[in-house]
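Summary of structural features
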Amino acid sequence: MKVHVPRDSAAKALGADQVASAFAKLDGVEVIRNSSRGMVWLEPFVEFDTPNGRAGYGPVTAKDVQSIFKSHSSNAKHKLSVGLVEDLEWLKKQERLTFARAGITDPLSLSDYIAHGGFEGLKTALKKSGAEIVKQVSDSGLRGRGGAAFPTGIKWKTVLDTAADQKYVCCNADEGDSGTFADRMVMEGDPFMLIEGMTIAGIATGATKGFVYIRSEYPDAVAVMKEAIAIAVNANWLGPNIQGTDKSFSLVVRTGAGAYICGEETAMLDSLEGKRGMVRFKPPLPAIEGLFGKPTVINNVLSFAAVPFILAKGGEAYKNYGLGRSRGTLPFQLAGNIKQGGLVEKAFGITLRELVEGFGGGTASGRRVRAMQVGGPLGAYVPASDLDLAMDYEAFAAKGAMVGHGGIVVFDDTVDMAEQARFAMEFCAIESCGKCTPCRIGAVRGIEVVDRIADGDASALPILADLCNTMKFGSLCALGGFTPYPVMSALTHFPDDFSRAKEAAE
Amino acid sequence: MSEANQTAAAAAIAARHGNRPDELLEILHELQEELGCVAEAALPVIAKALNLSRAEVHGVVTFYHDFRREPAGRHVIKICAAESCQSMKGRELLASAEKILKVKAGGTTVDGKVTLEKVYCLGLCACSPAMLVDNRPVGRVDAKTFKSAVAELA
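This one's a predicted model, so the numbers in the text were calculated from it and none came from an experiment. Along every chain, residues carry numbers that run from 1 in the direction the sequence is written. All chains are assigned letters beginning with A, and all ligands numbers beginning with 1, in the order in which they are written. pLDDT decides what is reported in this predicted model: residues at 70 or higher carry local features, side-chain atom pairs at 80 or more are listed and counted, and totals for whole chains, interfaces and linings draw on all residues regardless. Side-chain numbers here rest on the full set of heavy atoms in the structure, without hydrogens or water.

**A few points about the overall build of chain B**
Quick note on the threshold: Secondary structure elements are taken from DSSP: a helix is a run of H or I of four residues or more, a strand is a run of E of two residues or more, and numbering for both begins at the N terminus. Relative accessibility thresholds used throughout: buried, under 20% of the residue-type maximum; exposed, over 50%; partly exposed, between the two (1.4 Å probe, protein chains only). For this analysis, residues touch if any pair of their heavy atoms sits within 4.5 Å. Areas reported here follow the Shrake-Rupley algorithm with a probe of radius 1.4 Å; residue values treat only the protein chains shown as occluding.
In terms of helices and strands, chain B carries seven helices and four strands. Counting from the amino terminus, helix and strand elements in chain B follow one another as α-α-α-α-β-α-α-β-β-β-α. Across its three principal axes, chain B shows a C-alpha extent of roughly 50 × 30 × 20 Å. For chain B, the proportion of its 154 residues judged to be buried stands at 55%. In chain B, the proportion of contacts linking residues at least 24 apart, taken out of those at least 6 apart, comes to 62%. Total accessible area on chain B is roughly 7,000 Å²; 53% of this is exposed by carbon and sulfur atoms.

Here it is, written out as structure tokens:
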């Protein structure tokens, strides 16, 4: 009997290893460590193969293993049974293009990957010219999934059109934003998809060398990616003359060292060159002068991961999802104080309410939702009154917020928003690379000003607004430039929290 | 480890990476793995091998939060202090952890057993608050589970 127990870090964090070893001790059981479905609230989520499909159980602890095995073998109903996985509403309502294989395959099984549509995109790309591939990506309307939402096709075209003796493809896997974990799930759960996407980018632009820059806080992702690359090289999906063609592409994993700023693309380039992760001035654009001064494609994990589908099914098929200028799907990540946290891949246009109350089931604490931080530590705090906002780059921008990487951190009504605003400044001060003054000094002054306001000094309010304005327009990159968003949104939507400290003192 | 051993280890690791300056981070990671920290004595050796100035190497070592100048305790616990974990009483967890271990974040217990560190995001945001115990992820941590995780450590 085959039992699937996820090897994803979130599943492990909730005891999947113990569950897997308990199953392995049983006679006649073969344990497969699959990827995670992304239903973190049901992890460790155990699945059995049945003639009708996979039958699921969760959340399972090692203590439940005996009884689950017994009742599953005798077709009895177990209290942790959720029935057939394919019938689960939570999954059925999603539109999984990038996460199509999540939970289904063994991440390091090349045959699983190929059996579930893997390398179809690369096979198509190998038959096309660079310009044809870039056109497919442009037609898809794909915009950078790392947060900045720059059209991927334009970026690739710039690299393609820039002549050079060497070009590079760099994957920004420095997923440091709190509330995001989709990159980690791709790397741990479907690493060949990222390899395929990056290889397509290399073939499209004429780059023969690639780097995956993974943060050190993701030890499992680093290990899985390294192993997957070795497997792909062995099977000639990477390396010289891929699958007997004249196309070559090699890939190396580089591990970060705990600096949030290295998620900024030019700081990442400096880090990849072995230097301090200092932000570079733009221009020159990395697409023209990037890694080691050569033309470089830099994309986020999710952007590369979307590419195999686009090449396999065509740019139009991808474009049919979404609305306005936000095309395709985004893997949203439900995090923080949420009852049913996890990964929800949906086309753009879904509302926050459908995500947080529908998929998420409200808060974990059972209290009222008060605020949601969308798009990481540099994203605005959205009040519960804006729950009907649609997830769309432009709709969010119009509200002074950002979709970013699709991470949603939910807070209940116990949150102190002045404390959250202070933290945003504190985080910026800790993580600033120090190159530009508005970020380096501004963040430190920002902490002090927030403290003054919390102490009841109303004269500090215009100073904070002015400081945020300086940071927003005077910073070199998004760290200093976007820290004002969480700060000012907290102040605008939750002004009472900023006078609370004063009242308490009186 | 003696200073001579540290410099020998540094030279060997740099050589394994072809003395390439772009592999400096990888070299420092390996050095820390082997020596327990980025020892001061190793820096001039690496600088020379990579044809960099000592200042450049020092600049890199001090820029990144991961690199430590003194060896850590026998175990390292990294507690997430970012927003998602904050929304699930992460601040309280860190305070309890500091109280249980009788050490502030960044410090090592007197018996040298545990180094407690504060990190920003482990990507375990759907099961906050989270921590890494010697690179093993643990989710939905509270003071009680933290205490038993520490007790399990040798």
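**Focus on unusual backbone geometry**
The omega torsion across Gly58(A) and Pro59(A) is -10°, close enough to zero to call that bond cis. If you trace the backbone, Pro59(A) turns up in the loop between strand 4 (53-57) and helix 3 (65-73). At the junction of Ser128(B) and Pro129(B), the peptide bond is cis and its omega measures out at -10° in the coordinates. Residue placement: Pro129(B) occurs in the loop between strand 2 (114-119) and strand 3 (131-133). With a phi angle near 50°, Gln243(A) is a residue other than glycine that sits in the positive phi range. By the secondary structure assignment, Gln243(A) is in the loop between helix 11 (219-234) and strand 8 (250-255).

**Some remarks on the domain arrangement of chain A**
All names here are of chain A. Quick reminder of the rule: The split of the chain into domains comes from an automatic or database domain assignment. Throughout, buried area stands for the accessible area (probe radius 1.4 Å) lost by two parts on being put together, summed over both. By definition, a salt bridge exists where a carboxyl oxygen of Asp or Glu is found within 4 Å of a side-chain nitrogen of Lys or Arg. Under the rule applied, a polar contact is a pair of N or O atoms within 3.5 Å (in protein, one hydrogen donor and one hydrogen acceptor; residues adjacent in sequence only if both atoms are side-chain atoms). All amino acids are sorted into three groups, where Ala, Val, Leu, Ile, Met, Phe, Trp, Tyr, Cys and Pro are nonpolar, Asp, Glu, Lys and Arg are charged, and the leftover types, Gly among them, are polar.
If you check the domain split of chain A, you get domain 1 (2-92), domain 2 (110-319), domain 3 (322-412) and domain 4 (417-505). Look at where the C-alpha atoms of domain 1 and domain 3 centre, and you get two points 29 Å apart. On the domain 3 side, the residues contacting the five residues of domain 1 number seven residues. Buried surface at the junction of domain 1 and domain 3, summed over both partners, amounts to about 490 Å²; 60% is from carbon and sulfur atoms. Our count for the domain 1 to domain 3 interface comes out at zero salt bridges. Our count for the contact surface shared by domain 1 and domain 3 stands at four residue pairs in polar contact (both at pLDDT 80 or more). Residues belonging to the side of domain 1 that touches domain 3 are distributed by class as follows: four nonpolar, one polar and no charged.

**Comments concerning the nonpolar core**
To keep it simple, the criterion reads: What is meant by a nonpolar core is a set of buried Ala, Val, Leu, Ile, Met, Phe, Trp, Tyr and Cys residues, joined one to another through side-chain atoms within 4.5 Å.
Ranked by size, the top nonpolar core spans 157 residues in total, and within it Trp156(A), Leu194(A), Ile214(A), Ile261(A) and Tyr64(B) carry the most contacts. Not counting residues up to four positions away in its chain, the partners in contact with Tyr64(B) are Tyr213(A), Ala257(A), Ala259(A), Cys262(A), Ser271(A), Lys275(A), Arg276(A), Gly277(A) and Leu25(B). The next biggest cluster of nonpolar side chains, apart from the first, holds 34 residues, and it includes Leu88(A), Phe332(A), Tyr393(A) and Ile408(A).

**Describing the side chain of Gln420(A)**
For Gln420(A), the location among the structural elements is in helix 17 (residues 417-431). Using a relative accessible area of 1% as the deciding quantity, one classes Gln420(A) as buried. Polar contacts involving the side chain of Gln420(A) include one to the side chain of Gln86(B), which spans 2.8 Å. In contact with Gln420(A), not counting residues within four places along its chain, are Tyr381(A), Phe411(A), Val415(A), Glu83(B), Gln86(B) and Arg91(B).

**Focus: the environment of Gly239(A)**
All names here are of chain A. One can find Gly-239 in the loop between helix 11 and strand 8. Separated by 40 residues in sequence, Gly-239 and Thr-199 have C-alpha atoms that sit 9.8 Å apart. Once you skip the residues sitting within four places of it in the chain, Gly-239 turns out to touch Lys-247, Ser-248 and Phe-249.

**Comments concerning the sheet that holds strand 14 (residues 369-374) of chain A**
Residues and elements named next belong to chain A. In plain terms, the rule: Strand pairing requires that DSSP identify at least two bridges connecting the strands. Every axis corresponds to a line fitted to the C-alpha atoms, with the helix fit spanning only the stretch in contact, and the corresponding angles, defined between N-to-C directions, vary from 0 to 180 degrees.
Sheet architecture is open: five strands sit in the order 13-12-16-14-15, paired in mixed fashion. In this open sheet, the two edge strands, each paired with only one partner strand, are strand 13 (342-347) and strand 15 (381-383). Averaged over all pairs of adjacent strands, the angle between strand axes in this sheet comes to 30°, irrespective of strand direction. When strand 14 meets strand 16 (residues 407-412), the two strands line up antiparallel, connected through five bridges. Looking across to strand 16, one finds that Val-369 is bridged to Asp-412.

**So, the domain arrangement of chain B**
Assigned domains within chain B: domain 1 (3-63) and domain 2 (75-152). The straight-line distance from the C-alpha centre of domain 1 of chain B to that of domain 2 of chain B is 30 Å.

**Some details on the interface of chain B and chain A**
In this assembly, 37 residues from chain B lie in contact with 58 residues from chain A. For the chain B face of the interface with chain A, the top three residues by lost area are Phe63(B), Glu83(B) and Tyr120(B), together amounting to 19%. Applying the counting criterion to the chain B and chain A interface returns three salt bridges. Two residues, Glu23(B) and Arg254(A), come together in a salt bridge whose shortest N-O distance is 3.2 Å. Across the chain B-chain A interface, the total number found is 26 residue pairs in polar contact (both at pLDDT 80 or more). At the level of elements, helix 2 (24-35), helix 4 (54-63), helix 5 (83-86) and strand 4 (136-138) of chain B are the ones that each hand at least two residues to the side of chain B that touches chain A. Classifying every residue of the side of chain B that touches chain A by side-chain character gives 20 nonpolar, ten polar and seven charged.

**Describing the packing of aromatic side chains**
Residue and element names in this part refer to chain A. The criterion, for reference: Pairing of aromatic side chains requires ring centres within 6.5 Å, counting the rings of Phe and Tyr and the six-membered ring of Trp. Pairs whose planes differ by under 30 degrees are stacked, by over 60 edge-to-face, and all others tilted. Placement of a positive charge over a ring is assigned whenever Lys NZ or Arg CZ falls within 6 Å of the ring centre and within 35 degrees of the normal to the ring plane.
Per the stated rule, a full pass over the model turns up 19 aromatic pairs over all chains. When the ring of Tyr-260 is compared with that of Phe-427, the centres are 4.8 Å apart and the planes differ by 70°; the resulting orientation is edge-to-face. One end of the pair, Tyr-260, is in the loop between strand 8 and helix 12 (265-272); the other, Phe-427, is in helix 17, with 167 residues separating them in the sequence. Taken as a pair, Tyr-260 and Phe-427 share a single burial class, namely buried. Connected via pairs of aromatic rings, a cluster forms that spans Tyr-113, Phe-119, Phe-192 and Trp-237. Against the face of Phe-359 rests Lys-93, its NZ or CZ located 4.9 Å from the ring centre. A cation over an aromatic ring shows up here: Arg-215 above the ring of Tyr-218, its NZ or CZ 4.9 Å from the ring centre.

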